[in-house]
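# Remarks on the overall topology
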Amino acid sequence: MIQIKKVNKVFYQAGRAIHALSNINLSIEQGSIFGVIGSSGAGKSTLIRCVNLLERPSSGNIILDGVDLTQLSTQELTLTRRKIGMIFQHFNLLSSRTVFDNVALPLELAAVNKNKIKDKVNGLLELVGLTDKRDTYPANLSGGQKQRVAIARALASDPLVLLCDEATSSLDPATTQSILELLRKINRELNLTILLITHEMAVVKGICAQVAIIGDGKMVEQGLVGDIFAHPKTELARQFIRSTLDLTIPADYSARLLTSRVENSFPLVRLEFTGASVDTPVISQLARQFNIDISIISSNMDYVGGVKFGLMLAEFFGTEEAALKAIAFLKEHNVEVEVLGYVI
Ligand SMILES: Nc1ncnc2c1ncn2[C@@H]1O[C@H](COP(=O)(O)OP(=O)(O)OP(=O)(O)O)[C@@H](O)[C@H]1O
């Protein structure tokens, strides 16, 4: 459906070359939801803007439904762009137009007749759940409602692909979930291919089947979301996965944390379970085998693509020797263990 082939993008600023994208290759199947994740400045916006040629790649090809967009004339490109809808972080609605008129705009520009526009827009407003807001102005809508209008507008010209540029980044978590739910619904009902870029792994986990991780303009890792969560190959992928779990040491524990073991102090350990971890009940096993009492302080375990993974913060009560044996046992079972300090 979309093929991004050997795409490079170089910006020149004050005589300096900035390699925003280096040799990016991606293949996105029709009807799939594909996520591209990266930190700030990684090149995500540049990549998604290259897909509809808002930004022209310095080299490489963008192939949509068998057509190489980089080879089209300006006129051909204008027509082909109708097959590509786009939504943005800040919605980009026209404040002087009502909800209805915002959604109608692409149809008016394509000279569709008024009755057809009315039917189409009403249908789209129903799809995104905004029928009762048709005559409202954007200033009187919530962020989530504005994004629904933007989605309806993007769908007006029956695109094959929807590009989402940080579409949920300015929304609260509950609204983010409702917009992701809507994207899932339109993907299912319209068989629309969705390419989204985000800096939030939670968005990828929530909606995407496949993900590509980019860093510093380069492809770092790509594959099925479940596989990446289960077997991240790079430190960058691990960082993104950890960001969905977020375990911090409670303040009162930090205050009592020593860097070396003294009498009556016990190790505070951070356990990381990945797809490589052996799928046995290791916590109860090590309590029994090594005579260790385990106090779980916080835990964030998850299940994606058939794989359990997550982080756990725990205190190990027992002798120093028992704690060392327990840690070795966990490592043998491919649980990553980090001793964060000793709690007094
Ligand atoms: N028009 C431009 N002129 C010069 N440099 C640019 C331009 N657009 C982007 N860049 C540079 O290209 C690199 C990638 O930027 P890009 O906006 O694609 O990153 P991003 O991953 O989308 O970041 P963010 O999440 O912060 O938006 C950055 O170093 C940026 O400064």
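Model, not experiment: these values are computed from the prediction.

## Focus: the overall build of the protein chain
For the protein chain, the count of helices and strands is twelve helices and 15 strands. Dimensions along the principal axes, computed over C-alpha positions, put the protein chain at roughly 80 × 45 × 40 Å. Residue pairs in contact within the protein chain that sit at least 24 positions apart in sequence constitute 69% of those at least 6 positions apart. Total accessible area on the protein chain is roughly 16500 Å²; 48% of this is exposed by carbon and sulfur atoms. Taking the average location of the 35 positive side-chain charges in the protein chain and that of its 35 negative ones, the two points are 8 Å from each other.

## Side note on the sheet that holds strand β8 (residues 193-198)
Spatial strand order, β6-β7-β8-β3-β9-β10: six strands in an open sheet with mixed pairing. Both edges of this open sheet fall to β6 (84-88) and β10 (218-224), since each of them pairs with a single strand only. If you compare each strand with its neighbour and ignore which way they point, the axes differ by 15° on average. Taken together, the five bridges between β6 and strand β7 (residues 161-165) define a ladder with parallel strand orientation. Counterpart to Met-86 in the pairing with β7 is Leu-163.

## Some remarks on the layout of surface pockets
Taken as a whole, the largest pocket encloses approximately 590 Å³ of empty space. Sorting the residues of the lining of the largest pocket by element identifies α2 (74-81), β6, α3 (99-109) and α5 (143-155) as the ones contributing at least two each. Considering every element that reaches the lining of the largest pocket, the biggest residue donor is β6, with four residues. Across the lining of the largest pocket, the residue classes break down as ten nonpolar, five polar and three charged.

## Focus: the packing of α3 against helix α4 (residues 114-127)
Relative to each other, α3 and α4 sit at 125°, their axes nearing to 10 Å. Relative to α4, the element α3 is oriented oblique. Viewed along their axes, α3 and α4 form a crossing whose handedness is right-handed. Judged by residue contacts, Val-99, Phe-100, Val-103, Ala-104, Leu-107 and Glu-108 of α3 engage Ile-117, Lys-118, Lys-120, Val-121, Asn-122, Leu-124 and Leu-125 from α4. For the contact of α3 with α4, the per-class residue count stands at nine nonpolar, one polar and three charged.

## A look at the confidence of the model for the protein chain
Confidence along the protein chain averages 92 in pLDDT terms, with 99% of residues attaining 70 or more. Across the interfaces of the predicted complex, the ipTM metric reaches 0.96, alongside a pTM of 0.81.

## As for the nonpolar core
Counting 60 residues, the largest nonpolar core has Ile-87, Ile-151, Leu-162, Leu-183 and Ile-186 as its most contacted members. No other element matches α5, which puts six residues into this core. For this core, the domains that each give at least three residues are domain 1 (2-243) and domain 2 (245-343). Among residues more than four places away in sequence, those in contact with Leu-183 are Ile-87, Ile-151, Leu-162, Cys-164, Ile-194 and Ile-207. Among the nonpolar cores identified, the runner-up in size contains 29 residues, and Ile-62, Val-161, Leu-163 and Ile-197 belong to it.

## What about the site of the ligand?
For the ligand, the full set of nearby residues is Phe-11, Gln-13, Ile-18, Ala-20, Ser-39, Ser-40, Gly-41, Ala-42, Gly-43, Lys-44, Ser-45 and Thr-46. Between an oxygen atom of the ligand and a main-chain N or O atom of Gly-43, the distance comes to 2.9 Å. Within the side chain of Thr-46, one N or O atom sits 2.5 Å away from an oxygen atom of the ligand. About the coverage of the ligand: the protein hides 62% of its 630 Å² of free accessible area. Listed by contribution, the elements that provide at least two residues to the shell around the ligand are β1 (2-13), β2 (16-28) and α1 (44-51). For the shell around the ligand, the element with the most residues is α1, which contributes three residues. The residue inventory of the shell around the ligand, partitioned by class, reads four nonpolar, seven polar and one charged.

Criteria and cut-off values
- Residues numbered from 1 in each chain as written.
- Predicted model: local features only at pLDDT ≥ 70, side-chain atom pairs only at ≥ 80, totals over all residues.
- Heavy atoms only, no water.
- Helix = DSSP H or I, 4+ residues; strand = E, 2+ residues; numbered from the N terminus.
- Contact = heavy atoms within 4.5 Å.
- Areas by Shrake-Rupley, 256 points an atom, 1.4 Å probe, with all protein chains shown as cover.
- Lys, Arg positive; Asp, Glu negative; His and termini not counted.
- Charge placed at Lys NZ, Arg CZ, Asp CG, Glu CD.
- Pairing = 2+ DSSP bridges.
- Axes fitted to C-alpha atoms, helices over the stretch in contact; angles between N-to-C directions.
- 1 Å grid on protein atoms, 1.4 Å probe; cavity = no way out; pocket = protein on both sides within 12 Å on 5 of 7 lines; lining within 4 Å.
- Points joined across faces, edges and corners; volume = space filled by probe spheres on them.
- Nonpolar A, V, L, I, M, F, W, Y, C, P; charged D, E, K, R; others polar.
- Parallel < 35°, antiparallel > 145°, perpendicular 65-115°, else oblique.
- Left-handed = near helix turned anticlockwise from the far one by under 90°.
- pLDDT = per-residue confidence, 0-100.
- Core = buried A, V, L, I, M, F, W, Y, C linked by side-chain atoms within 4.5 Å.
- Buried < 20%, exposed > 50% of the residue type's maximum accessible area, 1.4 Å probe, protein only.
- Domains from an automatic or database assignment.
- Near = heavy atom within 4 Å.
- Polar contact = N/O pair within 3.5 Å; in protein donor to acceptor, adjacent residues only side chain to side chain.

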